[in-house]
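Observations on the model geometry
Below are the chains, spelled out letter by letter.
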Amino acid sequence: MAKDSFLVGLIGSGIGPSLSPALHEREADRQGLRYLYRLIDIDRLGVGAQAVGDLVRAARDLGFDGLNITHPCKQLVIEHLDGLDPQAEALGAVNTVVFEDGRAIGHNTDVTGFAASFARGLPDVPLERVVQLGAGGAGAAVAHATLTLGAGEVTVVDALPDRAADLAAALNRHFGAGRATAATSDRLAALIAGAGGVGAGDAGGAGDAVDGLVHATPTGMAAHPGLPLPAELLHPGLWVAEVVYRPLETELLRTARALGCATLDGGGMAVFQAADAFRLFTGREPDTARMLADIAELAGAVPTPN
């Protein structure tokens, strides 16, 4: 008889506002499953990120079926797992742990989540040259996804130059030399204008057009309002993809849409990564159309059509 009762959770810092419990539990209810999604907030527990191994072991021993993992534990958790799927291994980060026969296996659904959202929301945009803002955990996953989708070259810009350089190096090891470069924030205007210089950290040569901008920093979230770059750098020739999903319409997207840019909000990534995790936990196929409607309601806005 197929299993119809599941206990899962999320380990991370400051995760009280997370929409993951509602996304998972709503879909489970519609499928007639008994499904409990618990938040395991290290801040409320008064422990550091290094406690993730103990928390994973405790969840396994308590009969959890799986866990989602978020900041700041996505990399630290790896040494406490019994195995990794190829995507998580390539990325060096885990956001989903499935308990199978007493073993803890790590996966990463951030990559597949962004890829599915992008393919759905911006299916026909050019991908020869992409600039990405942010090289943190979400940024690493999104850059992998963008290159997997066929981007010719991704230039990573981060406030921490070493982090951007490390991500670009990792991407080149995985996808091949020349697929990724790093650039400092002061190069952003030239990069987006398509007037790349000739340094090793620059992307392209003079006159090369940038096709799109991927935003993968916290700027634009309710707690971090504002634009991640000067508004005057945006122009109608760019497509703009956002990772932030609370709110669904960030200031970046609002500004880009007003200029006529094709845009993608962060709700799709949130839904598709949750759907992939749900599938891993339950073996059931989630209805992503219903979950996209859920995220629009839960995030307090209906996504504007592209």
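Before going into details, it helps to say that this report is about the structure given with it. (Residues numbered from 1 in each chain as written. Predicted model: local features only at pLDDT ≥ 70, side-chain atom pairs only at ≥ 80, totals over all residues. Heavy atoms only, no water.)

**Considering the overall build of the protein chain**
Convention followed: Put simply, DSSP marks the helices as runs of H or I at least four residues long and the strands as runs of E at least two long, and each gets a number from the N terminus on. Using C-alpha atoms as the atom set, the radius of gyration is obtained and then compared with a globule rule of 2.2 Å times the number of residues to the power 0.38. Throughout this description, buried means an accessible area under 20% of the type-specific maximum (1.4 Å probe, protein chains only), exposed means over 50%, and partly exposed covers the range between. We call two residues contacting when some pair of their heavy atoms lies within 4.5 Å. For every accessible area listed, the method is Shrake-Rupley and the probe measures 1.4 Å; residues are considered covered only by the protein chains on display. Charge counting treats Lys and Arg as positive and Asp and Glu as negative, with His and both chain ends excluded. Taken as the charge location is NZ of Lys, CZ of Arg, CG of Asp or CD of Glu.
When helices and strands are counted, the protein chain shows 11 helices and 12 strands. Computed over C-alpha atoms, the radius of gyration of the protein chain comes to 19 Å, within 12% of the 19 Å expected from 2.2 N^0.38 for 306 residues, which places it in the range of a compact globule. When the backbone C-alpha atoms are referred to their principal axes, the protein chain occupies close to 60 × 40 × 35 Å. Within the protein chain, the fraction of its 306 residues that count as buried is 51%. The long-range share in the protein chain, meaning contacts at least 24 apart out of those at least 6 apart in sequence, stands at 66%. With the model as given, the accessible surface of the protein chain reaches about 13,000 Å², and the carbon-plus-sulfur share is 54%. Positive and negative side-chain charges in the protein chain, numbering 22 and 36 respectively, have mean positions lying 5 Å apart.

**Some thoughts on the pattern of salt bridges**
Short version of the rule: Here a salt bridge means any side-chain nitrogen of Lys or Arg lying within 4 Å of a carboxyl oxygen belonging to Asp or Glu.
Counted by the stated rule, this structure contains 16 salt bridges. Among the salt bridges present, the one from aspartate 294 reaches arginine 26, with a minimum N-O distance of 3.2 Å. You can see aspartate 294 sitting in helix H11 (residues 288-298) and its partner arginine 26 sitting in helix H1 (residues 20-30), a full 268 residues away along the chain. Classification of aspartate 294 as buried rests on a relative accessible area of 5%.

**Focus on the environment of glutamate 128**
Looking at the secondary structure, you find glutamate 128 in the loop between helix H5 (109-121) and strand S7 (129-133). In this structure the C-alpha to C-alpha distance between glutamate 128 and aspartate 110, which are 18 residues apart in sequence, comes to 22 Å. Excluding anything up to four places from it in sequence, glutamate 128 contacts Gly152, Glu153 and Asp211.

**Some words on helix H3 (residues 52-61)**
Basically, it comes down to this: This arc describes the spread of directions from the helix axis toward the C-beta atoms.
Restricting attention to buried positions, one finds in H3 the residues Val52, Gly53, Leu55, Val56 and Ala59. For H3, the angular spread of buried residues about the axis comes to 165°, placing them on one side. One or two positions beyond H3, positive phi appears at glycine 63, with a value near 95°.

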